[in-house]
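Remarks on the overall topology
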Amino acid sequence: MPADLLRIPDWTFTRPLLGRGALIWASARACLAFVTWAGSGFTGPFSPAVTAKAAIWTAAVVGVLGVLELRRRNEHLLLANFGIRQGTLAVLATVPGILGELALAMLGTDAASRG
Amino acid sequence: MPLLEADSIGKSYGGRRVLASASLRAPAGSVTALVGANGAGKSTLLAVAAGWRGADTGIVRFDGVSYLSARLATLAACGMFYLPDREILSPGITLRRQLDAIRRRYGSSASAEAVAGDLGLSHCLDALPRRLSGGEMRRAELALAVIRRPKCLLADEPYRGISPLDAELITAVFRRLGAGGCAVVASGHEIGVLSEAADRVVWCADGTTVEYASPALAAADWRFQRGYLGRDPRASEPVRE
């Protein structure tokens, strides 16, 4: 495997990318929970729980939005100049969504086992 | 053999042919000026040579390796640096932190302070890029390239919209990079400053290119005078068509 496939950006650039991804994920999740709640006519509990399929879609959407934000800022060009491939950036942009969904799933499982 | 060679490049956008068979060669240790009218395909040729845009036809050779579909990330790992005609600095990170990150990655001996000092950016080191003026931004982007110590630098319109003093600083950096063995290509319309900075000229016109060994040879060619400078060498009046 070529070395540049494994190259990831310096932490200086990775941290804001992950931070923005976390913000996008939190916003997407809040919107999703609100839409679900609104769909129930505001009668059911306001819960972040979604199906596994919806969680996967949310992580994917967070990745796409993260990449779009990166492109809007032209940071993809800056990082390409340091040997960072677009595919690597897409994976990094998806990481906050995946971690967030995993954390929520674990919290949900934990709450269910205690309840 | 030039360090960078984009050979017989053809490129169309939505059915409009921008480049038919254009070539760009950048020998190590030289500064090449890429000139041409608006829409002649200078930016496209640079982007293809840098691996940022794919070409429909042609081949890119960099540092002895031929690429049918070059990618900037791959070429950059081998020493390419591409400055497009838009801002690329990360807007939310100070210039000092960006320069330090690149210095760490490439083990550059030059400090962020020294590089910024050379480019007249000492006062901007702790500023966010969004607070920089146009000229400062262009110099700050060049600082990224300088601290990277590239083998080849492709700069698209580095002189656009900046003051003569900023242009002088940028020219000095191009000359210094060239003297250090880097292959520099700068595009633009500022024929005066470009001629001052460059050893060679490539004229992009009608989807193809003409190469001159020096700015003086370009200036002496009546086709260049007529086709780019808009002067008829046989008449004292500018050409009006």
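These numbers were taken from a predicted model, which means no experiment stands behind them. (Residues numbered from 1 in each chain as written. Chains lettered and ligands numbered in written order. Predicted model: local features only at pLDDT ≥ 70, side-chain atom pairs only at ≥ 80, totals over all residues.)

1. A word on the overall build of chain A
Which entries qualify depends on this criterion: Only DSSP runs of H or I covering at least 4 residues are called helices, and only runs of E covering at least 2 are called strands; the numbering of each starts at the N terminus. Contacts here follow a simple rule: the backbone-placed C-beta atoms of the two residues must lie within 7 Å.
Each helix and strand in chain A was counted, giving 4 helices and 0 strands. Starting at the N terminus and ending at the C terminus, chain A contains elements arranged as α-α-α-α. A fraction of 79% describes how many contacts in chain A between residues 6 or more apart in sequence connect residues 24 or more apart.

2. Considering the interface of chain A and chain B
We apply this condition: In the scheme used here, Gly and all other residues not listed as nonpolar or charged are polar, with Ala, Val, Leu, Ile, Met, Phe, Trp, Tyr, Cys and Pro taken as nonpolar and Asp, Glu, Lys and Arg as charged.
On the side of chain B, 22 residues touch chain A, which itself brings 16 residues to the contact. Elements with a minimum of two residues in the side of chain A that touches chain B: helix H1 (11–39) and helix H3 (75–80) of chain A. A per-element tally of the side of chain A that touches chain B places H3(A) first, with 4 residues. Residue composition of the side of chain A that touches chain B, grouped by class: 7 nonpolar, 4 polar and 5 charged.

3. Brief notes about the pairing of strand S1 (residues 4–13) of chain B
Residues and elements named next belong to chain B. This is how the line gets drawn: The criterion for strand pairing is that DSSP finds at least two bridges linking the strands in question.
Judged from the 7 bridges that link them, S1 and strand S2 (residues 16–26) form a sheet pairing that is antiparallel. Paired with Ser12 across the two strands is Arg17, which belongs to S2. Adjacent in sequence and paired antiparallel, S1 and S2 are bridged by 2 residues, among which Gly14 carries a positive phi angle near 55 degrees. Bridge count between S1 and strand S4 (residues 57–62): 5 bridges; the pairing is antiparallel. Of the residues in S4, the one forming a bridge with Gly10 is Thr57.

4. What to know about the packing of H1(A) against helix H2 (residues 52–72) of chain A
When two helices pack together, you describe them by how their axes are tilted relative to each other and by the distance separating the axes. Residue and element names in this part refer to chain A. Rule in force here: Between N-to-C directions, angles cover 0 to 180 degrees, with each direction set by a line fitted to C-alpha atoms, over the stretch in contact for helices. Each angle receives one of four descriptions, namely roughly parallel if under 35 degrees, roughly antiparallel if over 145, roughly perpendicular if within 65 to 115, and oblique otherwise. In a left-handed crossing the near helix is turned counterclockwise from the far helix by less than a right angle, and in a right-handed crossing that turn is clockwise.
Put simply, H1 and H2 touch, their axes get as near as 9 Å, and they point 135 degrees apart. Of the possible angle classes, the one that applies to H1 and H2 is oblique. The crossing of H1 and H2 is right-handed. Across the interface between the two elements, Leu17, Arg20, Gly21, Ile24, Trp25, Ala28, Arg29 and Leu32 from H1 touch Thr58, Val61, Val62, Leu65, Gly66, Glu69 and Leu70 from H2. Along the lines of polarity and charge, the residues of the contact of H1 with H2 split into 9 nonpolar, 3 polar and 3 charged.

5. Examining the nonpolar core
Cut-off, in case you're wondering: By convention in this section, buried Ala, Val, Leu, Ile, Met, Phe, Trp, Tyr and Cys residues joined through C-beta atoms within 7 Å make up a nonpolar core. Here a residue counts as buried when 20 or more other C-beta atoms sit within 10 Å of its C-beta, as exposed when there are 12 or fewer, and as partly exposed otherwise, the C-beta atoms being derived from the backbone.
Formed by 95 residues in total, the largest nonpolar core has its most connected members in B:Leu34, B:Leu45, B:Ala49, B:Ala50, B:Ala143, B:Leu154 and B:Ala186. Here this core takes 8 residues from helix H5 (residues 134–148) of chain B, the largest share from any one element. Within the second largest apolar cluster, 5 residues are counted, among which are A:Ile24, A:Trp25, A:Ala55 and A:Ala59.

6. Re H2(A)
All names here are of chain A. For clarity, the cut-off: Residue count minus one, scaled by 1.5 Å, sets the expected span of a helix.
Compared with an ideal rise of 1.5 Å per residue, which puts 21 residues at 30 Å, H2 spans 30 Å between its outermost C-alpha atoms and is within 8% of the ideal. Considered for burial, the residues of H2 that qualify are Ala55, Thr58, Ala59, Val62, Gly63, Gly66, Val67 and Leu70. Directly beyond the C-terminal end of H2, a positive phi value near 65 degrees is found at Asn74.

7. Regarding the confidence of the model for chain B
Cut-off, in case you're wondering: Every residue is assigned a pLDDT by the predictor, reflecting its confidence on a scale from 0 to 100.
When pLDDT is averaged along chain B, the result is 92; 96% of the residues meet or exceed 70. Of the two predicted TM-score estimates for the complex, the pTM is 0.89 and the ipTM is 0.88.

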